[in-house]
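Coordinate inspection notes
If you want the building blocks of each chain, they are given just below.
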Amino acid sequence: MYSVNYHRATSVADAVKKIKSGDAKFLAGGMTLIPAMKTRLAAPSDLVDLGHIAELKGIKVSGKTVTIGATTTHFDVANDEKLKKVCPALTHLASLIGDPAVRHRGTIGGSIANNDPAADYPSAMLALGATIVTNKRELAADKFFKGLFETALKDDEIVTAVTFTAPAKAGYAKFPNPASRYAMTGVFVTKGKDGVRAAVTGAGDDGVFRSKEIEAALTKKFEASALEGVSVPSKNLMGDIHASPEYRANLVVVMAKRAVAAANA
Amino acid sequence: MSEVTLVVNGRKVSGAVEDRTLLVHFLRENLNLTGTHVGCDTSQCGACVVHVDGKAVKSCTMLAVQASGSTVTTIEGLANGADLHPVQAAFKENHGLQCGFCTPGMIMTATDMIRRHPDGLDEATVRAELEGNICRCTGYHNIVKAILAASKTMSKASKSKANKAA
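Given the structure is predicted, the values throughout are model-derived calculations rather than measurements. (Residues numbered from 1 in each chain as written. Chains lettered and ligands numbered in written order. Predicted model: local features only at pLDDT ≥ 70, side-chain atom pairs only at ≥ 80, totals over all residues. Heavy atoms only, no water.)

This part takes up the pattern of salt bridges. A complete count under the given rule lists 19 salt bridges over all chains for this structure. Note that Asp41(B) is salt-bridged to Lys38(A), the shortest N-O span being 3.0 Å. With Asp41(B) in the loop between α1 (23-30) and β3 (49-52) and Lys38(A) in helix α2 (residues 33-38), this pair bridges two chains. On the accessibility criterion, Asp41(B) (34% relative accessible area) is partly exposed. (Salt bridge = Lys/Arg side-chain N within 4 Å of Asp/Glu carboxyl O. Helix = DSSP H or I, 4+ residues; strand = E, 2+ residues; numbered from the N terminus. Buried < 20%, exposed > 50% of the residue type's maximum accessible area, 1.4 Å probe, protein only.)

It is worth spelling out the domain arrangement of chain A at this point. Residue and element names in this part refer to chain A. Taken as a whole, chain A is organised into domain 1 (5-49) and domain 2 (57-264). Put simply, the middle of domain 1 and the middle of domain 2, counted by C-alpha atoms, are 25 Å apart. At the junction of the two partners, domain 1 supplies ten residues and domain 2 supplies 13 residues. When the two sides are added together, the surface that domain 1 and domain 2 hide from each other amounts to roughly 840 Å², 71% of it contributed by carbon and sulfur. Our enumeration of links across domain 1 and domain 2 arrives at one salt bridge. For the salt bridge of Asp-156 with Lys-20, the shortest nitrogen-to-oxygen distance reads 3.5 Å. Counting the contacts that link domain 1 with domain 2 gives zero residue pairs in polar contact (both at pLDDT 80 or more). Considering every element that reaches the side of domain 1 that touches domain 2, the biggest residue donor is helix α1 (residues 12-18), with three residues. Its residues assigned to classes, the side of domain 1 that touches domain 2 comprises seven nonpolar, two polar and one charged. (Domains from an automatic or database assignment. Contact = heavy atoms within 4.5 Å. Buried area = accessible area lost by both parts, 1.4 Å probe. Polar contact = N/O pair within 3.5 Å; in protein donor to acceptor, adjacent residues only side chain to side chain. Nonpolar A, V, L, I, M, F, W, Y, C, P; charged D, E, K, R; others polar.)

The next thing to look at is the domain arrangement of chain B. Many descriptions give the size of an interface as the accessible area lost when the pieces come together. Residue and element names in this part refer to chain B. The domain architecture assigned to chain B consists of domain 1 (2-77) and domain 2 (86-159). Centre-to-centre separation of domain 1 and domain 2, based on C-alpha positions: 21 Å. Facing the 17 residues of domain 1 at the interface are 14 residues of domain 2. Together, the buried faces of domain 1 and domain 2 total about 1200 Å²; carbon and sulfur atoms form 61% of this surface. A per-residue breakdown of the area domain 1 buries against domain 2 is headed by His-37, His-51 and Ile-75, which together make up 39% of the total. Applying the counting rule to domain 1 against domain 2 returns zero salt bridges.

Attention now goes to the side chain of Thr109(B). Residue and element names in this part refer to chain B. The residue Thr-109 is located in helix α4 (residues 103-116) in this model. Here Thr-109 falls in the buried class, since its relative accessible area comes to 7%. Excluding its chain neighbours within four sequence positions, the residues that come into contact with Thr-109 are Val-49, Glu-129, Leu-130 and Asn-133.

Turning to the interface of chain B and chain A, a few remarks are in order. Taken together, the contact between chain B and chain A spans 24 residues of the former and 27 residues of the latter. Taken together, the links from chain B to chain A amount to three salt bridges. Counting the contacts that link chain B with chain A gives eleven residue pairs in polar contact (both at pLDDT 80 or more). Put simply, the parts of the chain that give the side of chain B that touches chain A at least two residues each are β4 (55-58), α2 (64-67) and α4 of chain B.

The biggest cluster of nonpolar side chains holds 39 residues, and the ones touching the most others in it are Leu83(A), Leu90(A), Met125(A) and Phe164(A). Not counting the four nearest positions on each side in its chain, Leu90(A) is found in contact with Ile68(A), Val77(A), Leu83(A), Tyr121(A), Ala124(A), Leu128(A), Phe164(A) and Phe188(A). Listed in part, the 33 residues of the second largest apolar core include Leu33(A), Leu47(A), Val57(B) and Val72(B). (Core = buried A, V, L, I, M, F, W, Y, C linked by side-chain atoms within 4.5 Å.)

On to the sheet that holds strand β14 (residues 209-210) of chain A. Residues and elements named next belong to chain A. Pairing in this open sheet of four strands is antiparallel, and the strands run β11-β12-β13-β14 from one edge to the other. With partners counted over all chains shown, the strands left at the sheet margins are β11 (169-176) and β14, one partner each. When β11 meets strand β12 (residues 183-192), the two strands line up antiparallel, connected through eight bridges. The residue bridging Lys-174 from the neighbouring strand is Gly-186, located in β12. Lying over the sheet, helix α5 (residues 88-95) contacts β11 and β12, oriented at roughly 20° with respect to β11. (Pairing = 2+ DSSP bridges. Axes fitted to C-alpha atoms, helices over the stretch in contact; angles between N-to-C directions.)

For the rest of this paragraph, the subject is α4(B). The first and last C-alpha atoms of α4(B) sit 20 Å apart over 14 residues, in line with the 20 Å expected at 1.5 Å per residue. Most of α4(B) is tucked away, with 13 of its 14 residues classed as buried. (Expected span 1.5 Å × (residues − 1).)

Here's what the structure looks like:
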């Protein structure tokens, strides 16, 4: 790792002040950024640690409205009893990220701000129609995720929370890469008052996306059987040593079936 | 450089370190606590697992400065004098190791796992929870056996304590 200057922020305002020094980056749980710095894929001059800001932590569930603070860990999301009652698909998703030690440190805000094309959370945010709250504005998830590792965030903008209305039905299924446990394809489906949404992670060439083929089929009937014979184009899907675009296209349908079955269970 | 202050295995320690120093290097090189190992250095193998504020974390994926102010337990801090911790004793009893390199991380992960499942563990849960710990001797079978045995001893011990208290 190259040399770096560490700054611990005490509040969001303090973090915004401290990010102005050099080529600084925000540090949340560090489960992606620190490994990237160790391999020198990232080399910020300064780190502004958001991990000790109390106002960014915690989960609030009021009726069907859920608000999750940005530095809430995957472990805390996975084990929140109130959240499990209104949106078990999301607690299940969090329980599948990485391993127990990673879940103790990794955060929801860090995950969505990084927007790894194979991360789990972006698919949930998109399918839940979540609102991403920052220190400057509120953004619909549809407008937040911009492509591979790209979001609408400005340099001095911090995700402070995500908020959504728990849908009547939601499910998530992923086919994990056997080594990294990142999604080789993951599908999050929801059925709420605004209809059906299905978001796919791990498969898109340009990151997380909504599958109109899956959504159209599930709008007719929100059941796994509705996806029989449905195919998703492999154009614009990722191909690598783990899976070809065609293999991932097939996985999208298979994972969508499992996600719907989980949502209806 | 930053001043780092921690409570490690019940002892208050401090030191001046470069900001890029990883927690595992601070433990091994500044404090000479070499029980915590560096295996893969890519956050995958879990040989470096320690407890920070009571939770298992990979100390190769956390800066020492990030941990400043925290309480850390390493493998050296588990035993009570000459008496092995129940998880250590179970690993010995069940031969839950071959070369022993992954063992400190396995034991710290196991201790954390048992703490989070006070009512006991089953084999499937243990195997799923060992996701982040790799044994390159592939001796998982006895590791799983050891963790199940330790979980049994510890939940029995906590139940009899609770009964006595009642």
